[in-house]
Amino acid sequence: MSSQSNSGELLPEAPLRHTLFHIPPVIPIKNASSSYMKTDGQTIWARGPPLGKPAASSAQMGQSSLPSDAPRGSDVLIIHPGSRWLRLGRASDPFPVSIPHVIARKQSSPQAAADFNPPPLSRIPTPGSPNKNDGQDAIYTQAEIEENVSTIRSALVSRMDFYKIPYDPEASASCAEFNDTPGQPETIDESKDVYRVDWVAGEQQEKVFIGHKVFRIADPAASGYVVRWPLYGNHFNTREYESLQGVLSDLEVLWEIIIGLELNITRRQFKEYSVILLIPDFFDKNCVSELVTLLLVQMRFKRVAVVQEGYGAALGAGLTTACVVDVGAVKTSISCIEDGLVLSDTRMFLDFGGDDITEFLHNMLAGINFPYRDINLNRLYDLHVMDDLKARLCTLSEADVEVRTYDFFVRAPGRPTQKYIVRAYDETIVAAMCIFEPKIIDFDAKKRVNPSRWHIENIETSDLGSDNPTSAMVISTQHLLPPPQVLPDGTTVPPPITIDMKFEAAKLPLDVAIFNSVRAAGVDKIKRFLQSVVIIGGTALIPGMIHALESRLQAIAFPLIPGIERLSVMTAPPEIDPRVLAWKGAAILSRLDQFNEMWISEGEWDVLGMRALKERSLIDRPSNN
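Everything quoted here is computed from the prediction, not taken from an experiment. (Residues numbered from 1 in each chain as written. Predicted model: local features only at pLDDT ≥ 70, side-chain atom pairs only at ≥ 80, totals over all residues. Heavy atoms only, no water.)

*Asks:* Could you give an account of the overall build of the protein chain, with specific residues and numbers?
*Replies:* For the protein chain, the count of helices and strands is 21 helices and 21 strands. Classification of the 625 residues of the protein chain by burial places 48% in the buried group. Counting contacts in the protein chain only where the partners sit at least 6 residues apart, residues at least 24 apart contribute 71% of the total. (Helix = DSSP H or I, 4+ residues; strand = E, 2+ residues; numbered from the N terminus. Buried < 20%, exposed > 50% of the residue type's maximum accessible area, 1.4 Å probe, protein only. Contact = heavy atoms within 4.5 Å.)

Right, here's the structure in full:
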């Protein structure tokens, strides 16, 4: 026993006891700390090439085609893609190039072009069109449509009575009688028509037409072409495209041709240029991911930065705090900007825009015997006629409501130019008022013909993009939810969500949506945002828009917000077109030294993907609703 005891005493107390190697003591976990990944120098951005210096040899860098004395921003392109227009140019240019965002592709056979028949997009219901609100097989009746129009007219009469402007209920009938008189149209001699169109008819050798040239195709299907608009709202146009690759291919060809023709930049020179991509405030992260990949990987631009439209518009207007309202062709976006940051919780997406006004104006004029009986908005040249009439006729000023006579010209292929005369009364303001009275718009029809977007794998960062409804959307749809349940112990249980909040919030009138967006910013910020409401987009050019929106916001805000003394709605500065204000703001932003931290290279995008936007963009993270 003693020997065992003695031998037990000779056992080492710790491993490697008889060695010169220093064994570090155990780290005290209680007060442990580390600086790992807590400084900018330890991130992937610092471990890569220096900012502004691509990983290329000095010999390659010396082959740049840009002049050494080029103005600042001449190597930066700003691309602002939209549903109807593409605005593109160098950051050093005073204004961008604006081109219709449309492409016509030559098909392999005439039959393939004839078979292209996407479902028609009818925004304003007509008698006989499906009415999903009343059942599966229900249709809109003439009485239902007239009731919706009467609601808008009643609101108009109330406003005219308030401003002591007389309203003539018989004026529309007299206009209809005038428009139905024989003698129209008047034929214009081709030699006297300075705006005559050189139509493209028959078989053509060109594989692609883009922009304004697409409108010159007399009959696209007969000539073997398919006409498509790649984008719709804040996502890809799934109504006209069957695959994601198809829309990306058209975008690549469209942008490459425009950059080459308008900016004189070849594809080989793309690697010398950086691109700022303007995206909607309420963006689709799948769409943004594919567009950035297209620019960096497919088109091989040097680097890309992503900027939201609302921030660009506020910067272009010279404001740091504003509520930006962008009324586009097919959608309206609203967001509040504070200190150069788009507050994600305030974003609203409304499913109507200038195209809804165009179609409603067409229906209203048809009700008073529009003299151009053969008009069809599915034909590009007829759509151009109605867009021109909307720009010239529509108003939101009650003082402009009177019987007026307008002339317009129809330039159609295969026949001489024809001049028509139309007389209208309140139809020009009732059509524009649909953005404040959107009950006339068939939102269910839009949803039916625009199927769900393609599912794209490996898109992370669920806190970015438009997956979840924002706080402003939740506020806008509270009245549609059942009341919260109160348990016996007094605990309040929120009601289950049984509606599509994004879809229901997209139906709100413009003035109500703006107020709800401002409310989502917080009670202490409502007054500040209501004092700087900026409206942009083509619809902002409608006469009377500023006063119409301001007066309606006052009627909502003044009774609900105590102490508010002033409410201001403004548009772009006089020297800037409101349609390009966001582009101008991005041009200003590109010249700031701090903007160098927002560039994303191809290597960084390949490693991080959408996670790069967290590090290299000013996109705010929405709170959890």
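Having seen the structure, we can now continue with the description.
*Asks:* How would you explain helix H6 (residues 171–179) if you had to name every residue and give the values?
*Replies:* Turning to H6, its buried residues number three or more, namely Ala171, Ser172, Cys175, Ala176 and Asn179. Along H6, the residues classed as buried sweep out an arc of 140 degrees about the axis, all on the same side. Where H6 is buried, its residues contact helix H5 (142–162), strand S16 (418–424) and helix H12 (427–432). (Arc of directions from axis to C-beta.)

*Asks:* Run through the environment of aspartate 444, naming residues and quoting values.
*Replies:* Tracing the sequence through the fold places aspartate 444 in helix H13 (residues 443–449). Of the residues examined, aspartate 444 reaches a relative accessible area of 19% and is grouped as buried. Along the backbone, aspartate 444 and arginine 123 are 321 residues apart, and their C-alpha atoms lie at a distance of 9.1 Å.

*Asks:* Describe the pairing of strand S4 (residues 103–106), with residues and values.
*Replies:* When S4 meets strand S6 (residues 208–210), the two strands line up antiparallel, connected through 3 bridges. Its bridge partner being in S6, isoleucine 103 is matched across the sheet by isoleucine 210. Looking at chain direction, S4 and strand S7 (residues 225–228) are connected through 4 bridges and run antiparallel. Within S7, the position partnered with alanine 104 by the bridge is valine 227. (Pairing = 2+ DSSP bridges.)

*Asks:* Would you mind going over the sheet that holds strand S1 (residues 76–81) in detail, with residue names and values included?
*Replies:* Pairing is mixed across the open sheet formed by 6 strands, whose spatial order is S3-S2-S1-S10-S11-S21. Here the strands that pair on one side only, and so sit at the sheet edges, are strand S3 (97–100) and strand S21 (600–601). Packing of helix H9 (residues 309–316) onto the sheet brings it into contact with S1, strand S10 (274–279) and strand S11 (303–308), and relative to S11 it is tilted by some 80 degrees. (Axes fitted to C-alpha atoms, helices over the stretch in contact; angles between N-to-C directions.)

*Asks:* Lay out the packing of aromatic side chains with the relevant residues and their values.
*Replies:* Tallied over the entire structure, the rule returns 12 aromatic pairs. With a centroid separation of 5.6 Å and 45 degrees between ring planes, the pair formed by tyrosine 167 and tyrosine 425 is classed as tilted. Of this pair, tyrosine 167 sits in the loop between H5 and H6 while tyrosine 425 sits in the loop between S16 and H12, placing them 258 residues apart in sequence. We classify tyrosine 167 as partly exposed; its relative accessible area is 23%. For tyrosine 425, a relative accessible area of 4% translates into the label buried. For the pair tyrosine 372 and tyrosine 420, a centre-to-centre distance of 5.4 Å together with 35 degrees between the ring planes defines the contact as tilted. Linking tyrosine 372 in the loop between helix H10 (354–366) and helix H11 (380–393) with tyrosine 420 in strand S16, this pair joins segments that are 48 residues apart in sequence. When sorted by exposure, tyrosine 372 lands in the same class as tyrosine 420, which is buried. (Phe/Tyr/Trp six-rings, centres within 6.5 Å; stacked < 30°, edge-to-face > 60°.)

*Asks:* Requested: an account of the side chain of threonine 539, with residues and values cited.
*Replies:* For threonine 539, the location among the structural elements is in the loop between strand S19 (533–536) and helix H18 (545–560). By relative accessible area, which is 6% here, threonine 539 ends up buried. With residues near it in sequence (within four places) discarded, threonine 539 still touches Val327, Gly328, Gly354, Ile357 and Met545.

*Asks:* So what's going on with the nonpolar core? Which residues, and what values?
*Replies:* Of all hydrophobic cores here, the largest spans 84 residues; its most connected members are Ile334, Met348, Phe360, Phe370, Leu389, Phe408 and Leu510. Here phenylalanine 360 is in contact with Ile124, Val149, Ile152, Val430, Ala431, Cys434 and Ile440, once residues within four sequence places are set aside. With 44 residues, the next largest nonpolar core counts Ile99, Val247, Trp255 and Ala612 among its residues. (Core = buried A, V, L, I, M, F, W, Y, C linked by side-chain atoms within 4.5 Å.)

*Asks:* Describe the pattern of salt bridges, naming the residues involved and giving the relevant values.
*Replies:* A side chain with one charge can pair with a side chain of the opposite charge if their charged atoms come near. Enumeration according to the criterion identifies 25 salt bridges in this entry. The shortest N-O distance in the salt bridge between aspartate 180 and arginine 373 comes to 2.8 Å. In this pair, aspartate 180 sits in the loop between H6 and strand S5 (186–187) while arginine 373 sits in the loop between H10 and H11, placing the two residues 193 residues apart along the sequence. Here aspartate 180 falls in the partly exposed class, since its relative accessible area comes to 46%. One network of salt bridges, in which partners are shared, links Arg153, Asp426 and Glu427. (Salt bridge = Lys/Arg side-chain N within 4 Å of Asp/Glu carboxyl O.)

*Asks:* Describe the side chain of serine 532, and please don't skip the residues or the numbers.
*Replies:* In this structure, serine 532 sits in the loop between helix H17 (526–530) and S19. At a separation of 3.4 Å, a polar atom in the side chain of serine 532 contacts the main-chain carbonyl oxygen of arginine 528. The residues contacting serine 532, other than those within four sequence positions of it, are Thr321, Ala322, Cys323, Ser568 and Met570. (Polar contact = N/O pair within 3.5 Å; in protein donor to acceptor, adjacent residues only side chain to side chain.)

*Asks:* Which residues make up the sheet that holds S7, and what are the values?
*Replies:* Pairing is antiparallel in the open sheet, where 3 strands are placed in the order S6-S4-S7. The open sheet has two free edges, formed respectively by S6 and S7, since each of these has just one partner strand. For this sheet the average axis-to-axis angle between neighbouring strands, irrespective of direction, equals 15 degrees. Running over the sheet, helix H7 (residues 244–263) touches S4, S6 and S7 and is turned about 110 degrees from S4.

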